[in-house]
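Spelled out from the first residue to the last, the chains are:
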Amino acid sequence: KKKEGEKVKKGDILIRLEDSDSVFNLKQREADLVDIDAQTDLEKQRHANNLTALTHEETLLLLMQKSLERLRKLKRQNVSSQSALEESQQAVERQMLAVTNRRLEIKNHKARLAQLKAKRAHALAQYNIARLELTRTKITAPFTGVIADVKVAVGDSVRSGDFLLSMYDNTALEVRAQIPYRYQGTVLDALAAEDKLKAQAQVYQKSV
């Protein structure tokens, strides 16, 4: 923390607020982004696996349907049992269900990716807010100047909107003083003649 009367340069840290909560929040938002990116990678890998698996499952279904058709012919010729035919029929139905589910997984891939993309956009916004909050724990000088007043001490609790510190630009000071009425005519005449007027004052026992 800077002290009253101390000279500071633009960008110097004036007050440093406790930032442990802000640091933790930022790390949590970073973790959220990493998690969503990992979910996205897994979804893409799962989609690739589904495409490969669908080819195998459709081939297997075709083979099972041909096997079922052969058993039906054998059953009509009374050289196959009813139980074998029923088992084959059930196997075909299970495989058809597997193919249907796999196709549904593939169809929903774009929707799942869109959801993850939306989640990441939201998480990124939260991350940027957390990063901004962390930068605000360091109050820096907006210009080069002098500390005029400090209202807080180390360990004080502060809230948003509390007055913490004030400073002024010592290279752009303006001094104003009331001129006694009896000198008004002299001043006006000098201004009309564009003459420069000189004034002298005592500031902290020094002549200015």
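Everything that follows concerns the structure shown earlier in this document.
Residues numbered from 1 in each chain as written. Predicted model: local features only at pLDDT ≥ 70, side-chain atom pairs only at ≥ 80, totals over all residues. Heavy atoms only, no water.

Would you mind showing me how to read the packing of helix α1 (residues 20–76) against helix α2 (residues 82–107) here?
The description of two helices packed together rests on the angle between their axes and the distance between the axes. One can describe the packing of α1 onto α2 by two numbers: an axis separation of 8 Å at closest approach and a directional angle of 160°. One way to sum up the angle between α1 and α2 is to call them roughly antiparallel. The chirality of how α1 crosses α2 is left-handed. Per-class residue counts for the contact of α1 with α2 are 16 nonpolar, 8 polar and 8 charged. (Axes fitted to C-alpha atoms, helices over the stretch in contact; angles between N-to-C directions. Helix = DSSP H or I, 4+ residues; strand = E, 2+ residues; numbered from the N terminus. Parallel < 35°, antiparallel > 145°, perpendicular 65-115°, else oblique. Left-handed = near helix turned anticlockwise from the far one by under 90°. Nonpolar A, V, L, I, M, F, W, Y, C, P; charged D, E, K, R; others polar.)

What am I meant to see in the environment of E87 here?
Structurally, E87 can be placed in helix α2. E87 sits 48 residues away from T135 along the chain, and the two C-alpha atoms are 69 Å apart.

How should I be thinking about unusual backbone geometry in this particular structure?
Phi is positive for E194, close to 60°, though the residue is something other than glycine. Take E194: it is sitting in the loop between α4 (184–192) and β6 (202–203). For E194, a relative accessible area of 73% puts it in the exposed group. (Buried < 20%, exposed > 50% of the residue type's maximum accessible area, 1.4 Å probe, protein only.)

I would appreciate a short explanation of α2 in the present structure.
Each full turn of the α-helix corresponds to 3.6 residues, which orients residues three or four apart in the same direction. Across its 26 residues, α2 extends 37 Å between first and last C-alpha, which sits within 8% of the 38 Å expected from 1.5 Å per residue. If you follow the buried residues of α2, they end up packed against α1 and α3 (109–135). (Expected span 1.5 Å × (residues − 1). Contact = heavy atoms within 4.5 Å.)

Honestly, the sheet that holds strand β1 (residues 7–8) in this entry has me stumped. Any pointers?
Backbone-to-backbone hydrogen bonds join strands into a sheet, with any given pair of strands oriented parallel or antiparallel. Pairing is antiparallel in the open sheet, where 3 strands are placed in the order β1-β4-β5. In this open sheet, the two strands that pair with only one neighbour each are β1 and β5 (165–168). Two elements, strand β4 (residues 145–150) and β5, share 4 bridges in a ladder whose sense is antiparallel. Within the sheet, the bridge partner assigned to V150 lies in β5 and is L165. (Pairing = 2+ DSSP bridges.)

Would you mind going over the side chain of Q95 with me for this structure?
Tracing the chain through its elements places Q95 in helix α2. A relative accessible area of 11% places Q95 in the buried class. Beyond its immediate sequence surroundings of up to four residues, Q95 is in contact with E57, L60, L61 and M64.

Just to check I follow, could you spell out the environment of N128 for this structure?
Secondary-structure assignment places N128 in helix α3. Separated by 102 residues in sequence, N128 and L26 place their C-alpha atoms 8.6 Å apart.

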